[in-house]
Amino acid sequence: MFITNYIKEVWGAVKSLAKGMKLTGYYFTHHKEIITQEYPDNRAELVLPERFRGEVVMKHDEHNEHACTGCTACELACPNGTIKIITKFDISPEGKKKKALDTFIYHLELCTMCNMCIEACPTDAIKMAQNFEHSVYDRRQLTKKLNRPGSKIREGVE
Amino acid sequence: MVEEIGTNEEGELVINMGPQHPATHGVLHLVVTLQGETIKKIEPHLGYIHRSIEKMCESLTYRQFSYVTSRMDYLSSHINNHACAMCVEKGLQVEVPPRAQVIRVMVDELTRIASHELWWGAMAMDLGAFTPFFHAFRERENINDIMEETCGARLTMNYIVPGGVMADIHPNFQKRVKSFIELFRSKIDEYDELVTGNIIFQNRMKGVGWISAEDVVSYGCTGPVARASGVHSDIRKLFPYEIYEKLQFNEILETGGDSFARYMVRMRELRESVHILEQLVDNIPEGEFQAKTKAVLKLPKGEFYQRVETARGELGVYIVSEGATTPYRIKFRSPGFANLSALDHIAAGGKLGDLVASMGTLDLVIPDIDR
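Small disclaimer: the values here were computed from a predicted structure and weren't measured. (Residues numbered from 1 in each chain as written. Chains lettered and ligands numbered in written order. Predicted model: local features only at pLDDT ≥ 70, side-chain atom pairs only at ≥ 80, totals over all residues. Heavy atoms only, no water.)

**Regarding the overall build of chain B**
Part 1 of the reasoning: Counting its secondary structure elements, chain B contains 15 helices and 9 strands.
Part 2 of the reasoning: By residue count, 59% of the 371 residues in chain B fall in the buried class.
Part 3 of the reasoning: Long-range pairs, those at least 24 residues apart, make up 70% of the contacts in chain B between residues at least 6 apart in sequence.
Part 4 of the reasoning: Accessible area for chain B stands at about 14000 Å²; split by element, carbon and sulfur atoms hold 54% of it.
Part 5 of the reasoning: Each charge class in chain B was averaged separately, 39 positive and 50 negative side chains, and the resulting centres sit 5 Å apart. (Helix = DSSP H or I, 4+ residues; strand = E, 2+ residues; numbered from the N terminus. Buried < 20%, exposed > 50% of the residue type's maximum accessible area, 1.4 Å probe, protein only. Contact = heavy atoms within 4.5 Å. Areas by Shrake-Rupley, 256 points an atom, 1.4 Å probe, with all protein chains shown as cover. Lys, Arg positive; Asp, Glu negative; His and termini not counted. Charge placed at Lys NZ, Arg CZ, Asp CG, Glu CD.)

Right under this line is the structure:
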């Protein structure tokens, strides 16, 4: 009785191991499906989804105009103090003072890509870009100015 | 404090397991007292990844604070965000649109599958099998792709916000979830073939790390750890939230109470989550994905508590509001902390080699314990 049980147990154990090895053997001989990507070499064909959060950028059109009014909604929405907005006063031709954006400072090193600033923006002036390669040798390079030099607010954006 | 290494007065050996032991996922420091090879006592030393999230939340507004909770239990970040969003909604008395509720439950279940898969791979790796890790990550990558497309992130999502979800689902979402369900059904059978039936694995798990139902209750363990000892603890059944009431699914219960029972609970939960996804993927109602909320959220004076079932157990969010835009106090009841507290009870008296099996089946995520 003891011998039969013992042999049964050993047989069951060998069978269970063989079952697992069969699966391993299957994958060893059927390696058609390539799962891994060779990252630095596939940069050319690497396409990230449009919603991927890489960094915050400001949208500029062909006339070098943006839609940022300098309302600081994004600055208030940001949980980490990533965004700092410096405003100035534009004098319109009629002689009226109007608040406008001077500098949009973005600290990439503090950003957690939570998308809160983009949600908060009333004029849809900023968006998330798909660039994710942010390594630099100097931390100061991560503090960015998002509005391009010489750019101004698009006509009609309030 | 115990001495760092050496023997104590009774001639027992005191060793440090961690913080850098490869078998511990995260930085957990266990001071293990040994008599020969038998464990006498285990003392977990916490705090290596403490970021004082609860205190940080006090200075953030009700919209902002939930992004930090993605970094608590990073493997179920959607579910953490969900708990925060629901707690704030409770205070604001906002009705979430049905479309948002279904999307929330779907991403929750996808997160649960992803979390259990990572646990399965890491668990098998703890016990010396390396290939399961790759098998698990191959399927987990599909979920990550779905998340990346819809939520924009792969780990720290911040997709579920007070009032609904941040953005509508991607047009490909339903198609991809469907193909994932189809693929995953066959892969779970492969997992069972590869690991569950393996004799070495079974011998290392069965009868190891046993805990009784009474002890589970007195230590406050929840989730698969409690259900493996036969304690009803599924928040989705006991305190249904969102649309879980209307869904057909079973609470997985095992009565073994040992490491193998905890393993089986999670493996069966994978199938159950797939079953929930199947019911929802074709039935996402049309409509708004976010309720209209004010730009600045202010909770009325009072206390609010909301619990959800994460992949690890019950997560409770407790907010004390003074009527301002930021919470006065936030407390998170994390499942990992309570489950870890039972480790001394589970593993003491066993062998040192079995400690890894007991610890692996507790599914500890250290940032969730330390916060």
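**Quick word on helix α3 (residues 77-92) of chain B**
Part 1 of the reasoning: An ideal rise of 1.5 Å per residue puts 22 Å on 16 residues; α3 of chain B measures up with 23 Å between its terminal C-alpha atoms.
Part 2 of the reasoning: Of the residues trailing α3 of chain B, Gln-93 of chain B is marked for its positive phi of about 55°. (Expected span 1.5 Å × (residues − 1).)

**As for the interface of chain B and chain A**
Part 1 of the reasoning: On the chain A side, the residues contacting the 30 residues of chain B number 25 residues.
Part 2 of the reasoning: Buried surface at the junction of chain B and chain A, both sides included, amounts to about 2300 Å², of which 56% is carbon and sulfur.
Part 3 of the reasoning: At the boundary of chain B with chain A, the tally comes to 14 residue pairs in polar contact (both at pLDDT 80 or more).
Part 4 of the reasoning: For the side of chain B that touches chain A, the secondary-structure elements that each account for two or more residues are α5 (131-150), α6 (173-196) and α7 (199-205) of chain B.
Part 5 of the reasoning: Considering every element that reaches the side of chain B that touches chain A, the biggest residue donor is α5 of chain B, with 5 residues. (Buried area = accessible area lost by both parts, 1.4 Å probe. Polar contact = N/O pair within 3.5 Å; in protein donor to acceptor, adjacent residues only side chain to side chain.)

**Structural notes on the side chain of His-66 of chain A**
Residue and element names in this part refer to chain A.
Part 1 of the reasoning: Relative to the helices and strands, His-66 is located in strand β2 (residues 65-66).
Part 2 of the reasoning: A relative accessible area of 3% places His-66 in the buried class.
Part 3 of the reasoning: Residues contacting His-66, with those up to four places away along its chain left out, are Met-58, Lys-59, His-60, Leu-101, Asn-147, Ser-151, Lys-152, Ile-153 and Arg-154.

**Focus on the confidence of the model for chain A**
Part 1 of the reasoning: Averaged over every residue, the pLDDT of chain A is 85; the share at 70 or more is 100%.
Part 2 of the reasoning: Element-level mean pLDDT values for chain A span from 79 in strand β7 (residues 152-153) of chain A up to 89 in strand β1 (residues 55-58) of chain A. (pLDDT = per-residue confidence, 0-100.)

**Overview of the nonpolar core**
Residues and elements named next belong to chain B.
Part 1 of the reasoning: With 82 residues, the main nonpolar core has Phe-65, Tyr-159 and Tyr-263 as its most contacted residues.
Part 2 of the reasoning: Per-element accounting of this core gives the leading share, 11 residues, to helix α4 (residues 98-126).
Part 3 of the reasoning: Once residues lying within four places of it in the same chain are set aside, the contact partners of Tyr-263 are Trp-119, Trp-120, Val-195, Thr-196, Phe-201, Met-205 and Thr-361.
Part 4 of the reasoning: One finds Ile-39, Val-225, Leu-362 and Leu-364 within the second-largest nonpolar core, a separate group that totals 25 residues. (Core = buried A, V, L, I, M, F, W, Y, C linked by side-chain atoms within 4.5 Å.)

**So, the pattern of salt bridges**
Residues and elements named next belong to chain B.
Part 1 of the reasoning: Counted under the stated rule, the structure contains 34 salt bridges over all chains.
Part 2 of the reasoning: Put simply, Asp-145 and Arg-154 hold a salt bridge, and the shortest N to O gap is 3.8 Å.
Part 3 of the reasoning: Residue class for Asp-145 comes out partly exposed when judged on its relative accessible area of 23%.
Part 4 of the reasoning: Put simply, Glu-288 and Lys-292 hold a salt bridge, and the shortest N to O gap is 4.0 Å.
Part 5 of the reasoning: Since its relative accessible area comes to 74%, Lys-292 is described here as exposed.
Part 6 of the reasoning: In this structure, a network of salt bridges that share partners links the residues Glu-141, Asp-145, Glu-148, Glu-149, Arg-154 and Arg-176. (Salt bridge = Lys/Arg side-chain N within 4 Å of Asp/Glu carboxyl O.)

**Brief notes about the sheet that holds strand β4 (residues 97-107) of chain A**
Residue and element names in this part refer to chain A.
Part 1 of the reasoning: Judged by pairing direction, the sheet is antiparallel, and its 3 strands sit side by side in the order β3-β4-β6 without closing on themselves. Here the strands that pair on one side only, and so sit at the sheet edges, are β3 (83-91) and β6 (143-145). For this sheet, the mean angle separating the axes of adjacent strands, direction not counted, is 30°.
Part 2 of the reasoning: Where β4 meets β6, 3 bridges bridge the pair, whose relative direction is antiparallel. Pairing of His-107 across the sheet is with Thr-143, part of β6. (Pairing = 2+ DSSP bridges. Axes fitted to C-alpha atoms, helices over the stretch in contact; angles between N-to-C directions.)

**Re the packing of aromatic side chains**
Part 1 of the reasoning: Within the structure shown, the criterion is met by 17 aromatic pairs over all chains.
Part 2 of the reasoning: Ring geometry for Tyr-26 of chain A and Tyr-27 of chain A: centres 5.6 Å apart, planes at 80°, overall edge-to-face.
Part 3 of the reasoning: Classification of Tyr-26 of chain A by relative accessible area gives partly exposed; the value is 42%.
Part 4 of the reasoning: By the ring-pair criterion, three or more aromatic residues cluster together here, those being Trp-119, Phe-201, Phe-260 and Tyr-263 of chain B.
Part 5 of the reasoning: Over the aromatic face of Phe-260 of chain B sits the side chain of Lys-206 of chain B, whose NZ or CZ is 5.0 Å from the ring centroid.
Part 6 of the reasoning: Between the NZ or CZ atom of Arg-307 of chain B and the centre of the ring of Phe-239 of chain B, over which it lies, the distance is 4.1 Å. (Phe/Tyr/Trp six-rings, centres within 6.5 Å; stacked < 30°, edge-to-face > 60°. Lys NZ or Arg CZ within 6 Å of the ring centre and 35° of its normal.)

**Quick word on the packing of helix α11 (residues 259-281) of chain B against helix α14 (residues 352-362) of chain B**
Residue and element names in this part refer to chain B.
Part 1 of the reasoning: Where α11 contacts α14, the axes come no closer than 9 Å and their chain directions differ by 30°. Between α11 and α14, the angle falls in the class roughly parallel. Considering only the axes of α11 and α14, their crossing is left-handed. Facing α11, whose interface residues are Ser-259, Arg-262, Tyr-263 and Arg-266, α14 presents Ala-357, Ser-358, Thr-361 and Leu-362. (Parallel < 35°, antiparallel > 145°, perpendicular 65-115°, else oblique. Left-handed = near helix turned anticlockwise from the far one by under 90°.)

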